[in-house]
Amino acid sequence: MELEINIIDAFTDVAFKGNSAAVIITNDWLSDELMQSIAIENNLSETAYVKKIDIHNYEIRWFSPITEIDFCGHATLASSFVIFAKNDNLLNINFYAEAVGDLSVTKMDSGYIQMEFPSRPPESISDIPVALLNGLSIKPMEVLLNNQAYFVVYEKEIDVTSVVPDNELLKQLAPHDVVVTSKSNDYDFVSRYFWPANGGDEDPVTGSIHTGLAPYWAEKLNKSKLIAYQASKRGGKIICNVADNKVYLLGKAVQYLKGTIEV
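These notes cover the structure that comes with them. (Residues numbered from 1 in each chain as written. Predicted model: local features only at pLDDT ≥ 70, side-chain atom pairs only at ≥ 80, totals over all residues. Heavy atoms only, no water.)

Attention now moves to helix α1 (residues 32–42). Buried within α1 we find M35, Q36, I38 and A39. Projection of α1 onto a plane perpendicular to its axis shows the buried side chains occupying an angular sector of 160 degrees, all on one side. Relative to its buried face, α1 has exposed residues pointing more than 90 degrees away, namely E33 and E41. Each element contacted by the buried residues of α1 is listed here: β1 (2–10), β2 (19–26), β3 (46–54), β4 (57–63), β5 (68–69) and β18 (253–262). (Buried < 20%, exposed > 50% of the residue type's maximum accessible area, 1.4 Å probe, protein only. Helix = DSSP H or I, 4+ residues; strand = E, 2+ residues; numbered from the N terminus. Arc of directions from axis to C-beta. Contact = heavy atoms within 4.5 Å.)

What follows is about the packing of aromatic side chains. With the rule as written, the count across this model stands at nine aromatic pairs. Plain terms: the ring middles of F71 and F117 are 5.0 Å apart, the flat faces sit at 85 degrees to each other, and that makes the pair edge-to-face. Pair noted here: F71 is in the loop between β5 and α2 (73–86) and F117 is in strand β8 (residues 113–118), with a separation of 46 residues, a long-range link. Accessibility classification places F71 together with F117 in one group, the buried group. On the numbers, 6.4 Å between centres and 55 degrees between planes, the contact of Y193 with W195 is tilted. In this structure Y193 comes out as buried when scored by relative accessible area, which is 2%. Here the aromatic cluster, defined as three or more aromatic residues joined through ring pairs, consists of W62, F71 and F117. Here the guanidinium or amino end of R61 rests over the ring plane of W29, the centre of that ring lying 5.4 Å away. Lying over the aromatic face of Y112, K252 brings its terminal NZ or CZ to 4.8 Å of the ring centre. (Phe/Tyr/Trp six-rings, centres within 6.5 Å; stacked < 30°, edge-to-face > 60°. Lys NZ or Arg CZ within 6 Å of the ring centre and 35° of its normal.)

On to the environment of D244, then. As for its placement among the helices and strands, D244 is situated in the loop between β16 (236–243) and β17 (246–251). Overall, the relative accessible area of 78% leaves D244 in the exposed class. It is 8.1 Å that separates the C-alpha atoms of D244 and S119, two residues lying 125 residues apart in sequence.

A few words now on a nonpolar patch on the surface. Residues F16, Y256 and L257 make up a contiguous nonpolar surface patch of roughly 330 Å² in combined accessible area. Tracing the backbone through its elements, the reader meets F16 in the loop between β1 and β2. Its relative accessible area of 56% is what places F16 among the exposed residues. (Patch = residues over 30% accessible without salt bridge, like charges linked within 9 Å, V, L, I, M, F, W, Y side chains within 5 Å. Areas by Shrake-Rupley, 256 points an atom, 1.4 Å probe, with all protein chains shown as cover. Salt bridge = Lys/Arg side-chain N within 4 Å of Asp/Glu carboxyl O.)

Turning next to the side chain of Q114. Tracing the backbone through its elements, the reader meets Q114 in strand β8. For Q114, a relative accessible area of 19% corresponds to the buried category.

At the junction of A174 and P175, the peptide bond is cis and its omega measures out at 10 degrees in the coordinates. Inspection of the secondary structure puts P175 in the loop between α5 (167–170) and β12 (177–183). One non-glycine residue with positive phi stands out, namely F16, at about 70 degrees. Of note, the phi angle at N222 is positive, near 55 degrees, even though the residue is not glycine. Here N222 lies in the loop between α6 (210–221) and β15 (225–230). Residue N222 is classed as exposed on the basis of its relative accessible area, which comes to 70%.

One simple way to see leftover space: roll a probe sized like a water molecule over the atoms. Taken as a whole, the largest pocket holds about 380 Å³ of empty space. I69, D70, F71, Q148 and D177 are the residues nearest the centre of the largest pocket, which is lined by 23 residues in total. Breaking the lining of the second largest pocket down by element, the ones donating at least two residues are β4, β5 and β6 (92–97). Of the residues in the lining of the second largest pocket, the class split is seven nonpolar, no polar and five charged. (1 Å grid on protein atoms, 1.4 Å probe; cavity = no way out; pocket = protein on both sides within 12 Å on 5 of 7 lines; lining within 4 Å. Points joined across faces, edges and corners; volume = space filled by probe spheres on them. Nonpolar A, V, L, I, M, F, W, Y, C, P; charged D, E, K, R; others polar.)

In this structure, W62, I93, F95 and M115 are the most contacted members of the largest nonpolar core, which totals 52 residues. A total of six residues in this core trace back to one element, the largest contributor, which is α2. If we ignore the near neighbours within four places in the chain, the residues touching M115 are F11, G73, T76, L77, S104, V105, V247, Y248 and L249. Listed in part, the 15 residues of the second largest apolar core include Y154, V160, V178 and V180. (Core = buried A, V, L, I, M, F, W, Y, C linked by side-chain atoms within 4.5 Å.)

Time to look at α2. Because each turn of an α-helix spans 3.6 residues, side chains separated by three or four positions end up pointing in the same direction. In this model α2 runs 20 Å from its N-terminal to its C-terminal C-alpha over 14 residues, within 8% of the 20 Å that 1.5 Å per residue would give. With 11 of 14 residues buried, α2 lies mostly within the body of the structure. Burial in α2 covers these residues: G73, H74, A75, T76, L77, A78, S79, S80, V82, I83 and F84. (Expected span 1.5 Å × (residues − 1).)

Shown next as structure tokens:
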């Protein structure tokens, strides 16, 4: 069987930055085993599988090289980029994912793609796991938690960029991952994302975690539109708009590869 595969750099407007995702569009789901095997072979942070219902509606699933993921923002952006590129006059599409429901996506005149996601703000916790405290080289100022990750808040941006994770310890926090964040001089806030239990050591740019970061910083900074930067080696900028129980993430994407795989 031959399948078209696209590899897209998401949350960037230049190649080799942002976060790469593979996109495979099918009329029917492949087997779970095959989808996981392809994701392992791709060895990218995510491989998105998109099942077409009609030109406006799609189902979507996301696989890291380790496991299926409930929710992935950058691979949704990558999938949207591929669909819009195939249908030049299309402006709006809708994805359905079992864990998060309907995800509406709009192609903007500015070249950005806007994704509407449910807001998933974290809540402060007092019982901080020892594996988290010992798994980061810098002590947290505050720790919060949502259904995806522990949120470690630092006072200074340099703490975010210089913290060293012990990923063997952070693995013990499964199924949760870890995001570290602080206010920023050049942006509203910065972050880094560690997910050794679910995908790899450090994710380059993580759209899904901004559905928690954006409402957290919107409240702290008293503003609804924020510019975020994920300070990984590749790096990526995300525009975040917070409204009621929704978070709108805007980003750009760049095509890296289009090809065919044989399975």
